[in-house]
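These are the residues of each chain, in order.
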Amino acid sequence: MTNAASRSQAFAEFLTGTHRSFSKKVSGFAAAFVLLLALASTLPAQTFRGTILGTVTDPNGAVVPNATVTAKNVGTAIERTTATDGFGNYTIAELPTGAYEVKVQSSGFQTTTVSGVVVEVSGDRRVDVSLAVAGANTTVIIAAANQVETTTNTLGATISSREVAELPVNGRDFTKFLVMAPGATGDPSGATDSPGSFGLFSANGNRGRANNFLLDGTDMNDGYRNLPAINEAGVFGTPATILPIEAISEAAILSNFEAEYGRNSGAIVNIVTKSGTNAVHGSLFEFVRNNKLDARNVFNPKPDPQTAFRNNQFGGSLGGPIVHNKTFFYLAYEGQRERVGLNSTARVPDPREIAALGGPTNPVIARLLARNPWPAPNRPLPLFDNSGAPNLFVTTRALNDVDSFIGKIDHSFNKDNQLTGRYFYGTSNQSFPLAILAGNVLPGYNTVTPTKVHLLSLSYLKILSPTAVNEVRFGYNRFKEGFFPEDRAFDPGRRAGARP
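Residues numbered from 1 in each chain as written. Predicted model: local features only at pLDDT ≥ 70, side-chain atom pairs only at ≥ 80, totals over all residues. Heavy atoms only, no water.

Student: Teacher, can you tell me more about the overall build of the protein here?
Tutor: Looking only at helices and strands, one finds five helices and 24 strands in the protein. Among the 500 residues that make up the protein, the fraction classed as buried is 40%. Of all intrachain contacts in the protein linking residues separated by at least 6 positions in sequence, the fraction that spans at least 24 positions is 66%. Total accessible area on the protein is roughly 26500 Å²; 58% of this is exposed by carbon and sulfur atoms. (Helix = DSSP H or I, 4+ residues; strand = E, 2+ residues; numbered from the N terminus. Buried < 20%, exposed > 50% of the residue type's maximum accessible area, 1.4 Å probe, protein only. Contact = heavy atoms within 4.5 Å. Areas by Shrake-Rupley, 256 points an atom, 1.4 Å probe, with all protein chains shown as cover.)

Student: Sorry if this is basic, but what is going on with the packing of aromatic side chains here?
Tutor: Going through the model one piece at a time under the given rule, you end up with three aromatic pairs. With a centroid separation of 6.5 Å and an interplanar angle of 65°, the aromatic rings of F413 and Y460 are classed as edge-to-face. With F413 in strand β20 (residues 392–414) and Y460 in strand β22 (residues 446–465), this pair connects stretches of sequence that are 47 residues apart. A residue is classified by how much of its surface remains accessible, and F413, at 41% relative accessible area, is partly exposed. Between the NZ or CZ atom of R172 and the centre of the ring of F285, over which it lies, the distance is 4.2 Å. The side chain of R488 reaches across the aromatic face of F484, ending 4.7 Å from its centre. (Phe/Tyr/Trp six-rings, centres within 6.5 Å; stacked < 30°, edge-to-face > 60°. Lys NZ or Arg CZ within 6 Å of the ring centre and 35° of its normal.)

Student: How should the nonpolar core be read in this particular structure?
Tutor: Here is a general trend for soluble globular proteins: nonpolar side chains tend to be buried in one another's company. Of all hydrophobic cores here, the largest spans 31 residues; its most connected members are F174, F177 and L243. Elements with a contribution of two residues or more to this core: β10 (155–159), β12 (201–203), β13 (212–215), β15 (248–256), β16 (268–273), β19 (327–346) and β22. Looking at which element gives the most residues to this core, the answer is β15, with three residues. Residue contacts for L243: discarding those within four places in its chain leaves F174, L215, I230, N231, I248, I271, I406 and F424. Grouped together as the second largest cluster of nonpolar side chains are 18 residues, I52, V56, A71 and L131 included. (Core = buried A, V, L, I, M, F, W, Y, C linked by side-chain atoms within 4.5 Å.)

Student: How do you make sense of the confidence of the model for the protein when you look at a structure like this?
Tutor: Atomic detail in the predicted coordinates should be set aside for any region of low pLDDT. In this model, the protein carries a mean pLDDT of 80, and residues with pLDDT of at least 70 account for 81%. Taking the mean pLDDT of every element in the protein, the minimum, 37, falls on helix α1 (residues 3–16) and the maximum, 94, on strand β18 (residues 309–323). When the criterion is pLDDT under 50, residues 1–43 qualifies, and its contacts beyond four places in sequence or with other chains add up to six contacts. A low-confidence stretch, residues 189–199 (pLDDT under 50), is modelled with 22 contacts involving residues beyond four sequence positions or located in other chains. (pLDDT = per-residue confidence, 0-100.)

Student: Hey, could you run me through the pairing of strand β6 (residues 111–119) in this one?
Tutor: Two faces make up the sheet, and in a regular strand the side chains alternate between them. Relative to β6, strand β5 (residues 98–105) is paired through six bridges, and the arrangement is antiparallel. Looking across to β6, one finds that G98 is bridged to V119. (Pairing = 2+ DSSP bridges.)

Student: In this structure, what is going on with the pairing of β18? I would like to understand it.
Tutor: Pairing geometry for strand β17 (residues 281–290) and β18, over 10 bridges, is antiparallel. Its bridge partner being in β18, N290 is matched across the sheet by R310. Bridge count between β18 and β19: 14 bridges; the pairing is antiparallel. Across the sheet, the residue bridging to L318 is L331, located in β19. The loop that links β18 with its antiparallel partner β19 comprises three residues; one of these, N325, has a positive phi angle of about 65°.

Student: I tried to follow the pattern of salt bridges on my own but got confused; where do I start?
Tutor: Oppositely charged side chains can pair when the atoms bearing their charge come close. Counted under the stated rule, the structure contains 14 salt bridges. Measuring nitrogen to oxygen at the nearest pair gives 3.7 Å for the salt bridge that ties E246 to R172. Taken together, the residues E246 in the loop between β14 (218–219) and β15 and R172 in the loop between α3 (161–166) and β11 (184–186) connect sequence positions 74 residues apart. The burial state of E246 is the same as that of R172; both residues are buried. (Salt bridge = Lys/Arg side-chain N within 4 Å of Asp/Glu carboxyl O.)

Student: Please explain the side chain of T420 as it appears in this structure.
Tutor: With respect to the secondary-structure elements, T420 resides in strand β21 (residues 417–433). Given a relative accessible area of 13%, T420 falls into the buried group. Among the polar contacts listed, one links the side chain of T420 to the side chain of D410, at a separation of 2.9 Å. T420 has contacts with R49, K408, I409, D410, S457, L458 and S459, leaving out every residue within four places of it along the chain. (Polar contact = N/O pair within 3.5 Å; in protein donor to acceptor, adjacent residues only side chain to side chain.)

Student: Can you walk me through the environment of T345 in this structure?
Tutor: Within the secondary structure layout, T345 lies in strand β19. Spatially, the C-alpha atoms of T345 and L442 are 9.1 Å apart, while their sequence positions differ by 97 residues.

Student: Can you help me understand unusual backbone geometry in this one?
Tutor: What is expected of a backbone is that most residues other than glycine have negative phi and most peptide bonds are trans. In this structure, A77 is a non-glycine residue whose phi angle is positive, near 65°. Relative to the helices and strands, A77 resides in the loop between β2 (68–73) and β3 (79–83). Classification of A77 by relative accessible area gives partly exposed; the value is 27%. Its identity as a non-glycine residue notwithstanding, N231 has a phi of 70°, on the positive side. With respect to the secondary-structure elements, N231 resides in the loop between β14 and β15. Residue N231 is classed as buried on the basis of its relative accessible area, which comes to 6%.

Student: Got a minute to help me understand the environment of N429 in this structure?
Tutor: With respect to the secondary-structure elements, N429 resides in strand β21. For N429, a relative accessible area of 33% gives the class partly exposed. For the pair N429 and K452, spaced 23 residues apart in the sequence, the C-alpha separation amounts to 9.2 Å.

Student: Any chance you could explain the side chain of T396 here in plain terms?
Tutor: Among the structural elements, T396 can be located in strand β20. Ignoring any residue separated from it by four or fewer positions in sequence, one finds T396 in contact with V340, G341, L342, P433, V441, L442, P443 and N446.

Student: What should I look at first to understand the environment of Q306 in this one?
Tutor: Among the secondary structure elements, Q306 is positioned in the loop between β17 and β18. On a C-alpha basis, the gap between Q306 and N291 in space is 8.0 Å, while along the polypeptide they are 15 residues apart. When sequence neighbours within four positions are dropped, the list of residues in contact with Q306 reads N291, D294, A295, R296, N300 and N343. Within the structure, Q306 has its side chain in polar contact with the backbone oxygen of D294 (distance 3.4 Å).

See below:
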């Protein structure tokens with residue numbers, strides 16, 4: 001039989017099913033795949049929502065099975081309903097963070113509503129209800145009480161929306177309040193990361209770059225530094241983009257978390273952004289810092305000019321309904337315009353000294369001096385003085401321009417189908433002196449750092465049954481940042497007008 005005939009016969013056997021060994025392998029693989037899917041459906045997954053659970057009992061403490069339990073979001077009026085099992089227990093998982101009312105109904109008992117139930121990110125809120133025997137047609141309303149965590153052994157802390165708004169964090173940088181979690185610490189000197197950043201924190205002795213940052217349940221890590229893509233340092237620790245504080249609903253810092261999160265040994269920083277509600281809410285703000293309102297630095301005495309510093313952070317937010325009780329939007333923007341003067345002293349050649357020595361004879365040196373001429377000395381000093389005293393006071397300009405935008409849409413097809421989409425875009429241009437930490441900071445030698453960040457998140461939640469929830473989640477993360485010299489277009493080895 002020829003090779004071609006052999007291949008034809010093998011293909012015919014495959015079509016007719018006579019290759020039984022291959023068929024058995026496929027069947028075995030399919031069975032294993034189905035088994036994995038079945039097991040996966042029962043496993044917990046990392047979440048950026050919360051859970052309400054509890055037990056329903058009668059006045060004698062006996063459990064009440066088949067009671068109807070409804071959780072209603074106070075802000076959006078969207079409801080989720082389940083029923084207690086044979087042991088009186090119920091669980092309503094994957095609830096968006098916020099305030100809820102829990103209503104319990106059962107034949108022969110009075111309807112009971114528990115108000116003020118606050119669902120936090122990645123948290124379980126236990127609401128146990130004791131039903132009273134039905135008499136008159138009345139509804140019992142109970143205010144939820146504060147409780148100790150009784151459902152998980154996860155350590156950490158949750159920063160609420162109010163705390164986010166009211167904490168006086170410098171620069172409106174969310175990374176600065178992460179050290180509030182138990183077991184977390186930061187390095188004020190920033191020696192472990194970019195100088196002065198303070199954005200690097202560690203939890204329970206882990207390395208500062210061993211943390212996992214999530215935004216609305218999707219990855220927010222820069223794969224190169226393993227730091228948050230938003231608010232990551234650009235030049236010398238200054239955040240290149242900013243997550244608007246106005247847009248943060250909650251931030252959970254988990255330092256001893258379940259295996260469902262994986263990836264890193266440090267803390268999980270799980271940030272949830274705000275969503276719109278049936279009521280329209282918005283804000284406008286501007287924070288101003290200006291050297292005209294500041295005292296002089298002790299190292300910046302007269303008669304030298306006062307160090308320039310102007311920083312404006314401004315923005316706003318708006319959220320509300322597109323369709324009441326169904327579709328909601330939330331938008332937030334934050335911008336920053338910073339202008340800084342960095343003062344320094346130096347000993348530079350006097351033009352008369354250069355001329356007395358015959359001027360630059362090397363063409364490369366001549367082109368460098370023509371492109372960035374030494375500033376003329378402005379402090380009296382004899383020519384050819386070799387004492388090392390400075391003859392120049394100079395101010396080098398630095399800037400930081402940031403624009404950050406985030407938008408979110410939540411849509412409920414019905415009680416059992418919910419779709420969420422969120423997009424963040426940040427861009428910045430930073431320019432700081434190359435020798436900001438040591439040496440001279442002469443003008444013309446700045447480091448320029450343009451940055452762009454894109455983060456997209458999509459989530460589709462399907463309630464399959466009172467005890468089964470399925471979610472499909474997609475995330476896209478792009479972080480692009482470059483470090484360039486201010487005069488990168490200048491080549492001292494090429495004559496003016498010469499072709500590159």
